[in-house]
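# Descriptive analysis of the structure
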Number of protein chains: 2
Amino acid sequence: MPDPFVVVGGDAAGLSAASKAKREAPERDVVVFEKGRWISYAHCGTPYFVEGVVETLDDLLSLSPDEVEERGVDLRREHEVTGVNTDARTVGVDGPDGQFEQPYSDLLVATGAHAVTSPIEGHELDAALPMHGLDNAAATRALLMDPDADHLAAVGGEEYVDRERVERCGALEPPETVAIVGGGYVGVEMAEAFSAHDLDVHLFQRPSHVLESFGDPIAERVEETLRDHGVTLHLDTEVARLVDDTGASTGDGRVAGLECAGGTTLECELALVGIGVRPNTHLLEDTPVALGESGAVAVDDFGATNVDGVYAAGDCAEMTHAVTGESTWVPLGLTANRAGRAVGTTVARTDHDAGDNGDGSGHGGVSPADREPVGSIAGTAVTKAFDMEVGRSGITDLDEARSYGFDPVKETITTRSRSGYYPGAAETTVTLVADRDSERLLGGAIAGTDRAAVRIDTVATALEAETTVGDLERTDLAYAPPFSPVWDPILTAAKVLRGSL
Amino acid sequence: MPDPFVVVGGDAAGLSAASKAKREAPERDVVVFEKGRWISYAHCGTPYFVEGVVETLDDLLSLSPDEVEERGVDLRREHEVTGVNTDARTVGVDGPDGQFEQPYSDLLVATGAHAVTSPIEGHELDAALPMHGLDNAAATRALLMDPDADHLAAVGGEEYVDRERVERCGALEPPETVAIVGGGYVGVEMAEAFSAHDLDVHLFQRPSHVLESFGDPIAERVEETLRDHGVTLHLDTEVARLVDDTGASTGDGRVAGLECAGGTTLECELALVGIGVRPNTHLLEDTPVALGESGAVAVDDFGATNVDGVYAAGDCAEMTHAVTGESTWVPLGLTANRAGRAVGTTVARTDHDAGDNGDGSGHGGVSPADREPVGSIAGTAVTKAFDMEVGRSGITDLDEARSYGFDPVKETITTRSRSGYYPGAAETTVTLVADRDSERLLGGAIAGTDRAAVRIDTVATALEAETTVGDLERTDLAYAPPFSPVWDPILTAAKVLRGSL
């Protein structure tokens, strides 16, 4: 029997890989080490938990530890993998019963990402929270509740949650004014979440628009919606420090305000910081496993690193971009699930008794035809602010497109989501970008209140297929008065963009 | 100056072509002959007009005659083209001021389609109406109103509507029970429309399911929804005749019931017959212009018929199917608009003074590179019954797929439309069909209450790009809890289907 398939990290990528490998090759041992208590949690649901649309943390758990065990996976929570020896094919593990070496036949690094708080000072004050992970979400929600409430019962996640932290945050007086630092999609979602609690919500964004990767016209529609719902936007505004009621950024105090580089100040009793995430690659520092330019783990089309038997997937790994063909790092949920599942399939098909297959792939025991591709990504993302839905896919920034050698042309149109005579038609804004010479579609974005977000899937599908704008314009999309005008907004945008090429 | 570009038919294809040609080549004369009074009407909106969601017929007119004239198009309503002489390049026209011959340089036949009523007897009784065109919609809506109401004011379309018919139908007692004969998408939409008027609605369908082209699992969800809303379905039931209160199918009486081949009878005071449409090709009978196997006009990739200078587009013409590459006839609104616009572009680029361009295309004066393709179709269609949205695209019927040489495999799944923890997640049913050998996606269909219809655009886009099921499974579709589970329902279906190949 070969050594186990060892997975580091018990979230989307790790558990997808473990489950798939065990299902395809039930005779293989599969061990998952997760350093924390939580497994298989829906990060993307945390704003809706804070909002209250999702009742408890338990609702955000896709799989319980028991369910993972029932799949035959040996799941070890609160086991931190502290080192990898790629020559010996072992990992060092630090668990509740001490340290040990675990041999592996194949290793999947699925360590995820962590929130960045630097260079903002004062992020360790009480009621200053990073926008990342379930414990922070629990702490945020506890903070919004009455100090006398039963915070633990309300937030749920009883077996997993950092109880001490929930109780400490819950004991604080609820805020009246909240500052969100960072206007990415989680920041925007949190603005909606806090508004639902009737708070005075302020969103600070260093660039001139929220949702930078969606482009200005889309961002402006979101900003209008946020303002309509009472959210105060501080754009082009860099937060320098969070301070307590003495003006200090250090110590044990509670956040009482913030100070911006330009001099703006705000009194607030809760600050949520979401200014970026970085891949967790610390584990690989002293190994020969190569990182890519992005700082995430470099992998091939099958999720394999440069070291035989070592894979990486999910928020810690790069992926190939569907438009550029280059490696990129865009940590998102579907990517993690898909790549993890693909690695699990490939590992299940690997016959370690067969030795190196001699194909020069550097990965012994599995023939190229048996490896499952992790696929490419287009950076497709959707979110909403109240009733304003937005989506984006591909390369929409002109400078970014030029950096990959394209000669990009961009058009933005606003048109109706339905036949004009059918009630509920909503102004829908579509941006499309194409390369002038090849006429290839490079990216797109959309905003609108009527089924806008899912329409980005048309763009995502066209990008993966390397469609030209002309082909997109002639695509036989759905038309019926309740759902679309004769020319779907994306077709109209394609028509206009083609006219500009 | 060359002779005018002559267009026969003033609806979607004809006016798209005329407008586009005039915009691209303002110096060219463009004449549109329309035999009726209506132009540029939204057929697809008629059920919603009968329902009352759309207030008047005027709302369904995209362009007024004045607006067409402002574009520089010479529009002649109530002018019927009665013959085509392709040698002399003239058409015979019968107008209010008599008959005349109109020379053309290029001719577009955009004569549309007509409703079939045969073999059902009694369809000429009062209150027995075909499901086609605005005058029938006006008559239907007038029939639902109180006899004392101002029917003409209510239905609108004052300049165009068949006033005598509206008044005659309006004078009849409103029905209590209505029979819809035919369960295609218009039949289903009309069931919703009549239900809004609190009528006892019966829908008769000869096949065993409504919406045959969507496949059984999708149809069953629609049928369940219709029944939940009180519509009585008579499936596997062939209507033989409509009868008046004496049991006669001829004469001047009003419909009082219907009789089915199997013996079923129903008393009803309104019968709407929608058992199919056929292309209007009568005009071309004595010309060398070839029809295709479907009975519609055969055209090439640019909408050109086999005769130099003669084009056809819209509901009277065939199109190339994106999946089979064969000619097919699927009369739908986007197809007509797109093909008409393409023909208008090609005609505008045709230089008749240059004579035959000698490229063997049979179409003088325009080089192949300057011709605008009409594109292919995938038979994409969407509709809804109350809150149940459905869509389909491509080839979903196994026998049909086999007839084109495919070895089809079909899977149907039902999954949630959103993350399970997010409110509003709705059971969504997806059917996908692929070819076993090539793994190419052949078609798909979807049903669900939460943004289901527009998701078919993903399938339509994938079909046009000749995507494999594996590629579809790895497409980077949008994910966010309010809009989709991590694996979009279409991705889940692709995953399951790929497992069956």
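Keep in mind the model is a prediction, meaning the values are calculated, not measured.

A separate point is the domain arrangement of chain A. The assigned domain composition of chain A is domain 1 (5-36 + 78-112 + 278-377), domain 2 (128-275) and domain 3 (387-500). Centre-to-centre separation of domain 1 of chain A and domain 2 of chain A, based on C-alpha positions: 34 Å.

A few words on the UniProt feature "domain: FAD/NAD(P)-binding" (unreviewed entry) in chain A. Under the present numbering, the feature "domain: FAD/NAD(P)-binding" (unreviewed entry) in UniProt falls on residues 5-322 of chain A. Between the C-alpha atoms that bound residues 5-322 of chain A there is a distance of 29 Å. The span itself is 23% helix and 25% strand.

Moving on, we get to helix H6 (residues 163-170) of chain A. All names here are of chain A. Among all positions of H6, only Arg165, Val166, Cys169 and Gly170 are buried. Down the axis, H6 shows its buried residues gathered within 130 degrees of arc, on one side only. Contacts from the buried residues of H6 go to strand S9 (128-130), helix H4 (134-144) and helix H5 (151-155).

We now examine the relation of the copies chain A and chain B. Relating the two copies of this chain is a rotation about some axis coupled with a shift parallel to it. With an axial shift of 0.0 Å and an RMSD of 0.0 Å, the rotation relating chain A to chain B amounts to 180 degrees. Given the turn and translation reported, the copies of this chain are related as if by a two-fold rotation axis. Looking at the rotation axis and the C-alpha trace of chain A, the residue lying nearest is Thr458 of chain A, at 2.6 Å. Residue by residue, 100% of the interface of chain A is reproduced at the interface of chain B, so both copies engage with the same surface.

All names here are of chain A. In total, this model carries zero disulfides over all chains according to the counting rule given. The cysteine Cys44 is free of any disulfide, with Cys316 supplying the nearest cysteine sulfur at 16 Å. For Cys44, a relative accessible area of 27% translates into the label partly exposed. Of all cysteine sulfurs in the structure, the one in Cys268 sits closest to Cys169, which takes part in no disulfide; the separation is 15 Å. For Cys169, a relative accessible area of 4% corresponds to the buried category.

About the thresholds
- Every residue gets a number counted from 1 within its own chain, in the order that chain's sequence is written.
- Starting at A for chains and at 1 for ligands, labels are handed out in the order in which the entities are written.
- Where totals are concerned, whole chains, interfaces and linings use all residues; where local detail is concerned, this predicted model gives features only for residues with pLDDT of at least 70, and gives and counts side-chain atom pairs only at 80 or more.
- Neither water nor hydrogens contribute to the side-chain values; these are computed over all heavy atoms in the structure.
- As used throughout, domain bounds are those supplied by an automatic or database domain assignment.
- UniProt positions are given in the numbering used here, feature names are shortened, and annotations may be inferred rather than shown by experiment.
- A helix here means a DSSP run of H or I that spans at least four residues, while a strand means a run of E at least two residues long, and both kinds are numbered starting from the N terminus.
- Buried, partly exposed and exposed residues are distinguished by accessible area as a fraction of the type maximum, computed with a 1.4 Å probe on protein chains only: under 20%, between the cut-offs, and over 50%, respectively.
- Relevant arc is that of directions from the helix axis to the C-beta atoms, nothing else.
- Contacts are residue-level and defined by heavy atoms, with any inter-residue pair within 4.5 Å sufficient.
- For this overlay, a least-squares fit was computed on C-alpha atoms, restricted to residues scoring pLDDT of at least 70 in both copies.
- Here, two cysteine sulfur atoms that lie within 2.5 Å of each other are counted as a disulfide.

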